[in-house]
Amino acid sequence: MAATTLAQAVRDHVDDGATVFVGGFGHCVPFASGHEIIRQGKRNLTLTRTGADILIDQLIAGGCVARLIVGYVGNPGIGLAHAFRRALEAGSLTLEEWTNFTLTLRFHAGRIGVPFLPTRALRAGDMPKHIADLATLTCPYTGALLTAVPGLCPDVALVHAQRADEDGNVQLWGIDGDTCEGALASRRIIATVEEIVPAERVRRSPELTVLPAHRVTALCVVPGGAHPSYVHGYYTRDDARFAEYDRLSRRPDDLDAFLAAHVHGVADREAYLGKLPISDLSWPVHHGPGGRQ
Amino acid sequence: MAATTLAQAVRDHVDDGATVFVGGFGHCVPFASGHEIIRQGKRNLTLTRTGADILIDQLIAGGCVARLIVGYVGNPGIGLAHAFRRALEAGSLTLEEWTNFTLTLRFHAGRIGVPFLPTRALRAGDMPKHIADLATLTCPYTGALLTAVPGLCPDVALVHAQRADEDGNVQLWGIDGDTCEGALASRRIIATVEEIVPAERVRRSPELTVLPAHRVTALCVVPGGAHPSYVHGYYTRDDARFAEYDRLSRRPDDLDAFLAAHVHGVADREAYLGKLPISDLSWPVHHGPGGRQ
Amino acid sequence: MTADIESRNLALAASLELSDDETCFVGIGLPSLAAMLAKRTHAPRAHLIFESGAIGADPRVPPLSTGSPCIAENAAMLGDCLDVFGELQAGRIDLGLLSAAQVDRFGNLNSTVIGDYEAPRLRLVGSGGAHDIASLANRFVILMPHEPRRLVPKVDFVTSPGHLLVGDERAAAGLRGGPSALITGRGRFSFRCGEMALVEVFAPFSVDEALEGLTWPVPVDEAVMRRSGFAPAAIDAYARLERLPAGTG
Amino acid sequence: MTADIESRNLALAASLELSDDETCFVGIGLPSLAAMLAKRTHAPRAHLIFESGAIGADPRVPPLSTGSPCIAENAAMLGDCLDVFGELQAGRIDLGLLSAAQVDRFGNLNSTVIGDYEAPRLRLVGSGGAHDIASLANRFVILMPHEPRRLVPKVDFVTSPGHLLVGDERAAAGLRGGPSALITGRGRFSFRCGEMALVEVFAPFSVDEALEGLTWPVPVDEAVMRRSGFAPAAIDAYARLERLPAGTG
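Residues numbered from 1 in each chain as written. Chains lettered and ligands numbered in written order. Predicted model: local features only at pLDDT ≥ 70, side-chain atom pairs only at ≥ 80, totals over all residues. Heavy atoms only, no water.

Side note on the overall build of chain C
Then comes step 1: Along chain C, the regular secondary structure elements total eight helices and 15 strands.
Then comes step 2: In terms of overall dimensions, chain C is globule-like: its C-alpha atoms have a radius of gyration of 17 Å, near the 18 Å expected for 249 residues.
Then comes step 3: Dimensions of chain C, computed from C-alpha atoms along their principal axes, come out at roughly 45 × 40 × 35 Å.
Then comes step 4: Summarising the internal contacts of chain C: among those between residues at least 6 apart in sequence, 67% fall at separations of at least 24.
Then comes step 5: Entry remark: accessible area of chain C is about 8500 Å², with carbon and sulfur atoms responsible for 52%.
Then comes step 6: Here chain C holds 22 positive side-chain charges and 30 negative ones, and the gap between their average locations is 3 Å. (Helix = DSSP H or I, 4+ residues; strand = E, 2+ residues; numbered from the N terminus. Rg over C-alpha atoms; globule rule 2.2 N^0.38 Å. Contact = heavy atoms within 4.5 Å. Areas by Shrake-Rupley, 256 points an atom, 1.4 Å probe, with all protein chains shown as cover. Lys, Arg positive; Asp, Glu negative; His and termini not counted. Charge placed at Lys NZ, Arg CZ, Asp CG, Glu CD.)

Examining the overall build of chain A
Then comes step 1: Scanning chain A from N- to C-terminus turns up 10 helices and 13 strands.
Then comes step 2: In terms of C-alpha radius of gyration, chain A reaches 19 Å, essentially the compact-globule figure of 19 Å for 293 residues.
Then comes step 3: C-alpha extents for chain A along the principal axes are approximately 60 × 50 × 35 Å.
Then comes step 4: Residues counted as buried form 67% of the 293 residues belonging to chain A.
Then comes step 5: For chain A, restricting intrachain contacts to residue pairs at least 6 apart in sequence, the fraction spanning at least 24 positions comes to 74%.
Then comes step 6: Working note: accessible area of chain A is about 8900 Å², and carbon and sulfur atoms make up 50% of it.
Then comes step 7: The distance from the centre of the 28 positive side-chain charges to the centre of the 32 negative ones in chain A is 3 Å. (Buried < 20%, exposed > 50% of the residue type's maximum accessible area, 1.4 Å probe, protein only.)

A few points about the nonpolar core
Then comes step 1: If you look at the biggest cluster of nonpolar residues, it comprises 333 residues, and the most contacted ones within it are A:L68 and B:L68.
Then comes step 2: Excluding anything up to four places from it in sequence, B:L68 contacts B:L47, B:I56, B:I60, B:V73, B:F84, B:L93, B:T94, B:L95 and B:E96.
Then comes step 3: With 12 residues, the next largest nonpolar core counts A:F116, A:L137, A:A148 and B:A148 among its residues. (Core = buried A, V, L, I, M, F, W, Y, C linked by side-chain atoms within 4.5 Å.)

As for helix 8 (residues 232-243) of chain D
All names here are of chain D.
Then comes step 1: Relative to the 16 Å expected for 12 residues at 1.5 Å per residue, helix 8 spans 17 Å between its end C-alpha atoms, a close match to the ideal helical length.
Then comes step 2: Within helix 8 the residues assigned to the buried category are A234, A237, Y238 and L241. All buried residues of helix 8 fall inside an arc of 100° around its axis, so they share one side. Along helix 8, exposed side chains directed more than 90 degrees from the buried face belong to P232 and R243.
Then comes step 3: Those residues of helix 8 hidden inside the fold are in contact with helix 1 (2-15) and helix 2 (30-40). (Expected span 1.5 Å × (residues − 1). Arc of directions from axis to C-beta.)

Considering the confidence of the model for chain C
Then comes step 1: Residue-level pLDDT values for chain C average 94, and 98% of them are 70 or greater.
Then comes step 2: This prediction of the complex comes with two scores: 0.97 for pTM and 0.97 for ipTM. (pLDDT = per-residue confidence, 0-100.)

Observations regarding the interface of chain C and chain A
Then comes step 1: The interface of chain C with chain A comprises 48 residues on the first partner and 47 residues on the second.
Then comes step 2: Taking both sides of the interface into account, the surface hidden between chain C and chain A amounts to around 3700 Å²; carbon and sulfur atoms contribute 64%.
Then comes step 3: Of all residues in chain C, the largest losses of buried area upon contact with chain A belong to C:L64, C:R123 and C:V125, amounting jointly to 17% of the total for that side.
Then comes step 4: Linking chain C to chain A there are one salt bridge.
Then comes step 5: Here A:E97 makes a salt bridge to C:R123, at a shortest N to O gap of 2.4 Å. (Buried area = accessible area lost by both parts, 1.4 Å probe. Salt bridge = Lys/Arg side-chain N within 4 Å of Asp/Glu carboxyl O.)

A look at the relation of the copies chain B and chain A
Then comes step 1: For the pair chain B and chain A, the relating rotation is 180°, the translation along its axis is 0.0 Å, and the fit reaches an RMSD of 0.0 Å. Such a combination of rotation and displacement between the chain copies is what one expects of a two-fold axis.
Then comes step 2: A shared binding surface is used by both copies, with 97% of the interface residues of chain B retained as interface residues in chain A. (Least-squares fit on C-alpha atoms with pLDDT ≥ 70 in both.)

Topic: the sheet that holds strand 7 (residues 135-138) of chain A
Residues and elements named next belong to chain A.
Then comes step 1: An order of 6-8-7 is seen for the three strands of this open sheet, with the pairing classed as antiparallel. On the outer flanks of this sheet lie strand 6 (116-119) and strand 7, each paired with one strand and no other. Strand-to-strand twist of the sheet, defined as the mean angle between neighbouring strand axes without regard to direction, takes the value 40°.
Then comes step 2: Pairing of strand 6 with strand 8 (residues 145-150), which is carried by four bridges, proceeds in the antiparallel orientation. Looking across to strand 8, one finds that L117 is bridged to V149.
Then comes step 3: Helix 5 (residues 100-112) rests against strand 6 and strand 8 of the sheet, and its axis sits at about 145° to strand 6. (Pairing = 2+ DSSP bridges. Axes fitted to C-alpha atoms, helices over the stretch in contact; angles between N-to-C directions.)

This is the structure in C-alpha cells:
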C-alpha cells in the first residue's frame, strides 16, 4: 500500500452520507482528518464513537453532520459541547444514543463478524426506551434476560497513531479506548501517523501493532495530526486549547471565525500548526523508550 | 500480593475436581505448574484450553485428569498425543470437544461476563452433533441463524509469562493465542514468571501488561518454567524434547519412567533443569529490546 | 469559604468509601479526586480503573479526561474499553464512583437532559460509561455537591439506574449492587429500601444544613453520626492535590 | 523419488492458489510450506495469518506449531486467537489452506477420528481451528498427498465442512465459500456442484495416475490441463525451504 496525502484519502474514501468512525479516546484524536473533512465540505455524515469530544463538535459546526451514534458528547473535564447542544436543541441533528460500553460492544460485534452481542447493560432506566427497536433475548443456557446490541460496521474509520511501516501496519500505544475496536469494525480505515518507520522496526515490536496492513485503506504521514489532543511519546495534550474552545464555541459567530481561521483558512496540517502560538509547539517530545527492556 | 512458591500456590488453589485452564499457545506453556500438579497427585481435574499439547498429555499420563474441554490435542507438527489417545480409546477420559475459535469464544464470554456468545461457526458437519445441548438462536435484528456457545469460567488458570512486578501485574509478549482470554475468564490465576521487575519498569510499558494485579491470585518466580516450550526474549523452543516425547510416550512404561525421572523424581523446577543435558540450557538468551524505540 | 469546606468534606468523605485492595471504576472530576485521595491515604493498593482502558492507574494530577496523559503514564496496564467494561460486566469491580448533573431520592442519576428528552431545555453530555457502571458495579457511590436544584425527588431522565423506584425493580432487571451511599459536602446518605436517608453529617454542618433546600421529607437515621473532621494526613493530601492544576501536569 | 516429486508438486501447485495481496489463514505442515513458497515467489505481499494470533507472519523456517518462535519473530502484528478468528468470522480472510487425515469427494475433512466417534479405531488430534477456517474463510484449498486410503467417498467424521453433500446444504447453514480446490502431488481437483473433479495433472503423472486407487468414479474435466512443470524460481525456492529443518531455526 502506497502512502497518500490526507486530502486525497478523504476525497477517495469519505463519501457524503457515509457513517464515519472517529478514533481517539482523548488520546490520538484525528483532528487533522476531521478538519480535512470540514474543508472538503462533506455533508450528511453519520459520526460514531463512544466518548465524543470537541472534534465532533467542530464537525457539527462545520455543517458536515446529519446524525450521531455516540455514548457521550462533551468537552471532557470542562463542560458541554456547544455546537452539539445547539444543533440538538434546534432539532437539526439526529441523535442515536448508547452507553460507552454498549457502543463498544456494537463495534466489537462488527469486528468479530456477528450481527449482535448480548449484554447485561441497558436493562433499566430511561436509556433503553429511547433506542428504537432495541431487542432483548433470553440466554438459551441460563434463562437470563439480556439486551442484544446490533453490530455496527462504519463505512470508514479515521485513526491517528504514532507510526506505521510502509506496508501499512499501524502501531499505537498509550490509551486506546474504543479506537481499535471501532476501526477494525469499519469497512475502510484512513490512518494518519506521526511517522513512517522501517518494516524491521515494526516487526521487532509486533505487540504494538494494532491495525494490520490488510485492513488499512489509506496511510498518510501527518505529524501533529492529533493536536490539540496528544500522542503518547510524541507530544502532550494542549489543555489550554480545550478550555479556549469552551469559550469560543459558546457563540456561533466566534466558532465560525475559529473554523475560518484554523480549518478553512489553512491548506493542511502543516499550515495549521504554523498558525499556533509558539508555546503550543511542544512537539515532538519523545517520552523515551519504554518497551520490553 | 506477596510472591509465593509454586508448590504452595498449587496446594492452595488447585483443588481435586477443579476445572483448570492451562495457558500457553505453543509459547509460555506452564510446564512447571503442570508438573507440580502431577507431583502433588491432584485428581479428577477437568483441563481446558484450545490447542492442547504434550503438557496436557503428561497430566493425563500422571493420572490427574478426568475430563478435557479442548479444541485439539496433539504434539504439534509431530503427531498424536499418545496418553490422550490411549485414555480415550480405553474410555477412561471424558472429552468435550470444541473448535479453537468456539472455545476461545467460551472463554471470551466468561471474561466479559455474559452467559453465552453467538457465532457463525459450529453450524455444519459432525462436530455440533457431539456437543451436548448445543443451542442455536436467531439474531433478533437480521434473522440469521447462529450457534450460541456457553460461557466458561474455569476455577483456576495456569499462566507462565516473562515478568511481573511485585504487585502482581504480569507482562507477556510474543504469541498469546487463547492464554489471556482463558486466564481472565478464570476465577483464580496462578502466574509463574521468569523474573520480577520493579513496578516502575512495568509502568513504563503498560501496553505489555496482560494480567492486572487484581486478577492474579498467586505469583511465583520460576525461571525456565516453560521448558521445553519457550519464552519469547528469554529462551527458545526445545524442539528435540517434543520429538523425543513422541517416541517415549508411545509406550506407557517409557512414559511412566519419564514422569518418574523428570517430574516425581525432582523436587522443583530448579532440580528439573539441573537434570537436562547441557545443550538444552540455552536460556536465558534475551532477544534484545524491541519495544517502542 | 463554606464552599471550600464543602468541597474538602466531599472529597475526603467519598475517599473513605474505597477500601484498600478494592477495584474501583472511576469517573472524571470529583470521583477522580476522591479515588486519588484514597490511594494517597488509607487505600494505597486500591486498583483504579478508568473507562479508557487504564487499569491500576495512579495519576499524578487530577485528569481532565479518562484518556488524559496522566492516566496513561503511570498505569500498570493499558487495555481498552472492552477490557475494563468486561471486568465490570463480569462482576469484578467492587466500587464505582459517579457524579451527575442530577440525582434523585432513589439514587437515580441524570447526565442526559434537563427538561424533556425530545425537546431539551438543556442538553447534557449523555451517559458515557455512567449507565454501565451504575448497572454493573458491585456497588456505587454518588458524589454530589450540596446544590438543592441538583438533588431532586425525581430526575428528569434516568441515565444511570440507582434503586429506580422503591422495591425490587433493580433486581428484576438483573442488575447488581446499586448505590450504597450518596456523599455531599455536608453529609452522607445511605439507601434504605432504595430511598436515601441521612446517616452522617460532616462538621461544621448540622442535620438541618445537610437537608437544606431538599424538597421532600428525607429520612434521618436515629443514630445519625456527626463527623468532627478527617485525618490530618488526609487533609494534607487533599491540600496537595487541590493545589495542582487539573490536566496533563 | 516419486514421493519427492509428488511432495514438490503438491507444495508448488498449492502455493499458486494464493494470490498476491490476499489474506491467507494458514495451518501447520503442508499449508505453511505452500504459503511460505507463495510469499517467496509470486505473492510477496500476501498476508499470512496463523490461529495463534500472528498476522503478517513471514517465518524463516517451516514452523512446527502455530505458536512457534519463527512465527512470532518476524510477524507484523501479534494479536490473539480472538483477533484472527474474528477476522475470519467477519469474512476478511480470502483463503484458508488446510490439510487433514481424510478428505472425501465433497471436500469434507476429517481430523477427529478413524472409526466410530464413540468407539475410535484411531483417535486423532481434533479440529483445532480447521472447522472454523473451513466454515468461515471466503474459500479454502485442501492439500493432501496422493494416498488413496485418505481420499475416500465419505469421511468417517466431518470435522471441517466441505460441500457436505451435493446441493446447497452449506449455504443453508449460513456458511461461506467452501473448498475451491483439492491439490495432491499428482493433480488439481476443483468442485462442481460440490463434487471433486480432476481439472489438471502435474508432470510426470497421467490422468490415470492422478486417480489411481480412488474407489469411486471421479469426474474428469473434458479439457483437463497438463502442467509440464513449475517456474524455475519457484523450484529453487522450494529447494531452499525444503533443506531447512522445520522448527525454531
